[in-house]
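# Observations on the three-dimensional arrangement
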Amino acid sequence: MFGRGSQDGLLEEVARPRQRVAELETERARDLRLDSLTGLLSPRAFRGRLSEEVERARRYRRALSMAIIALADFAALELRHGFRAVDELLGAVARRIAGTTRAHDLIGRIGHAEFGLLLPDTAGQAALPALERLLVELEVVGEGAIRAAGASMGVAALSRGMGPETLLASARLALARAQGVGGGRAVLAAGAEHLAEPAATPQHDAIEALAVALLERDRYTGEHSEAVIEMSGAAARNLGCSGAEVDRVRSAALLHDIGKVAIPDDILHKPGPLTDSEWRLMKEHPVIGERILRVLPGLGTVARIVRHEHEHWDGGGYPDGLAGEAIPLGSRIIIAADTYHAITSDRPYRAAKPHDVAVEELTRCAGSQFDPKVTAALIGHLYGRRQMGALRV
Ligand SMILES: [Fe+2]
Ligand SMILES: [Fe+2]
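All values reported here derive from a predicted model rather than from experimental measurement.

So, on to the packing of helix 14 (residues 329-343) against helix 15 (residues 355-364). Between helix 14 and helix 15, the shortest axis-to-axis distance is 9 Å and the interhelical angle comes to 145 degrees. Where helix 14 crosses over helix 15, the handedness of that crossing is right-handed. In contact with A336, T339, Y340 and I343 of helix 14, helix 15 contributes H355, A358, V359, E361 and L362. Of the residues in the contact of helix 14 with helix 15, the class split is six nonpolar, two polar and one charged.

This part is about the coordination of the iron ion (ligand 1). Each protein donor to the iron ion (ligand 1) is listed here as D257 (OD), H285 (NE2), E309 (OE) and H310 (NE2); together their distances run 2.1 to 2.4 Å. If you look at the iron ion (ligand 1), its four donor atoms make angles of 82 to 176 degrees with each other, and the shape they trace is irregular. Read in sequence order, the donor residues coordinating the iron ion (ligand 1) give the pattern D-x27-H-x23-E-H. Separating the iron ion (ligand 1) and the iron ion (ligand 2) is a distance of 3.7 Å, and D257 donates to both of them. Of the two residues, D257 is situated in the loop between helix 9 (243-255) and helix 10 (265-268) and H285 in helix 12 (residues 285-294); the sequence distance between them amounts to 28 residues.

For residues other than glycine, phi is negative in most cases, and the peptide bonds are mostly trans. Here the amide bond leading from Y318 into P319 is cis, since omega sits at 5 degrees, within 30 degrees of zero. In this structure, P319 sits in the loop between helix 13 (300-307) and helix 14. Of note, D73 is a non-glycine position whose phi angle comes to about 50 degrees, a positive value. Here D73 lies in the loop between strand 1 (64-71) and helix 3 (74-81). Positioned with a positive phi, D121 is a non-glycine residue whose angle comes to about 60 degrees.

A side chain of one charge can pair with a side chain of the opposite charge when the charged atoms of the two come close. Under the criterion given, the structure shown has 20 salt bridges. A salt bridge links R49 to E53, with the shortest nitrogen-to-oxygen separation between them at 3.9 Å. In this pair, R49 and E53 are both assigned in helix 2 (residues 43-59), four residues apart and thus about one turn of the helix distant. According to the relative accessible area criterion, E53 is buried, its value standing at 8%. For the salt bridge of K373 with E325, the shortest nitrogen-to-oxygen distance reads 3.6 Å. Separated by 48 residues along the polypeptide, K373 in helix 16 (residues 372-390) and E325 in the loop between helix 13 and helix 14 bring together distant segments of the chain. Taken together, the shared-partner salt bridges in this structure form one network comprising R49, E52, E53, E55, R56, R59 and R250.

What sets the pattern is the α-helix's 3.6 residues per turn: residues three or four places apart point alike. Three or more residues of helix 3 are buried, namely F74, L77 and E78. When helix 3 is viewed along its axis, its buried side chains cluster within an angular range of 100 degrees and face the same direction. Summarising the geometry of helix 3, the exposed residues directed more than 90 degrees from the buried face are A75, L79 and R80. Residues of helix 3 that are buried make contact with strand 1, helix 4 (83-100) and strand 5 (146-147).

Here we take up the pairing of strand 1. Most of strand 1 sits out of view: eight of its eight residues are buried. Every second residue of strand 1 is oriented toward a common face, with L64, M66, I68 and A70 on one face and S65, A67, I69 and L71 on the other, all of them buried. Inspection of the sheet shows strand 1 paired to strand 3 (residues 114-120) by seven bridges, in the antiparallel sense. Pairing of A67 across the sheet is with L117, part of strand 3.

Further remarks concern the pairing of strand 6 (residues 151-157). Taken across its seven residues, strand 6 has six buried, putting it largely inside the fold. Two strands pair when backbone bridges link them, and strand 1 and strand 6 are joined in this way by seven bridges, in the antiparallel orientation. Bridging from a neighbouring strand, I69 pairs with M153 of strand 6. Bridge count for strand 6 against strand 7 (residues 186-188) is three bridges, and the pairing is parallel. When the bridges of strand 7 are listed, G154 appears paired with V187. Taken together, strand 6, helix 6 (residues 164-180) and strand 7 constitute a β-α-β crossover, and its handedness is left-handed.

Definitions and cut-offs
- Residues numbered from 1 in each chain as written.
- Chains lettered and ligands numbered in written order.
- Predicted model: local features only at pLDDT ≥ 70, side-chain atom pairs only at ≥ 80, totals over all residues.
- Heavy atoms only, no water.
- Axes fitted to C-alpha atoms, helices over the stretch in contact; angles between N-to-C directions.
- Helix = DSSP H or I, 4+ residues; strand = E, 2+ residues; numbered from the N terminus.
- Left-handed = near helix turned anticlockwise from the far one by under 90°.
- Contact = heavy atoms within 4.5 Å.
- Nonpolar A, V, L, I, M, F, W, Y, C, P; charged D, E, K, R; others polar.
- Donors = N, O, S within 2.8 Å, 3.2 Å for Na, K, Ca; no water.
- Tetrahedral: all angles 85-135°; square planar, octahedral: opposite > 155°, others 65-115°.
- Salt bridge = Lys/Arg side-chain N within 4 Å of Asp/Glu carboxyl O.
- Buried < 20%, exposed > 50% of the residue type's maximum accessible area, 1.4 Å probe, protein only.
- Arc of directions from axis to C-beta.
- Pairing = 2+ DSSP bridges.
- Right-handed = clockwise from strand over helix to strand, strands pointing away.

What follows is the structure, encoded as structure tokens:
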């Protein structure tokens, strides 16, 4: 009935709304992560990154500092110049903070005239000179006719036993002290001794110990697991999982390859392709991983996710050949995030491929290797993350 041309037209009609839906979803994901006025991380996204950075710093015993920057007399500026002018000033302040900090520092707008700054690999005292310079910059920043009236800053360094909430509270107390002595200065928190410390659960300690063991055994696998955590957690959140579920998926992502501690070195580090018998051994790692984790009380669900992290949506994976929703959701998320990271990483036998190639592969195998819903959630997150990267936050 239809000529080829009109059939193409019909296909286009169907594809266009679908493409628009995908675009809208990407925009929505970005809106949730970015503050629309400044392009910096939104308060929620900043808190998410704070938790991740605290976890990473604790696991690898790295330094981490955070600062809260509060602009002075902001309400008075608003009354005098109006909201629109002051919005422009906030944009200028955001650009100045972004331009004065390092590329890997994370910046969020966490209150009306308040910014959060995360400084990885930086101890509190070492952060101070750069932060003092930033304060001087903020005294002269302006937009149109108005000038900012300067700022105050509270700085805190992560110390033993601190969690994200304690670090944030510590920076906030230091900010109050800076404002209390007249403002226009940076005050470093004395320490966290006086703050309530959230007790780490025994499972948490065990998970960390295992992660360190894996990193010691095989640096690539350890770092690969680290990268997979962030993507898996974000995909789980995009799929509407509860906070506790997201935590479980993140723990499973960190430990998904823990079974590789039992794989002999010459197989684990072999630069070329594996023989059939070597493959058989390598494919044991999810089952070994499950066995290790089952020993730890409270990690049963995580152990189950790890066992099935190589199952395929169409039933073609291992170890049990499960298909569809019979595979735990966490496992379906991890296999997709794992594939993206493996494609975009350098390996001894091949160079890293670009983001677009990895996304193409995820899309091509949605419905066969991967759960299509999971693929969409993960790709949504990856686009949002790249847009944030383009904005340098
Ligand atoms: Fe694996
Ligand atoms: Fe993996």
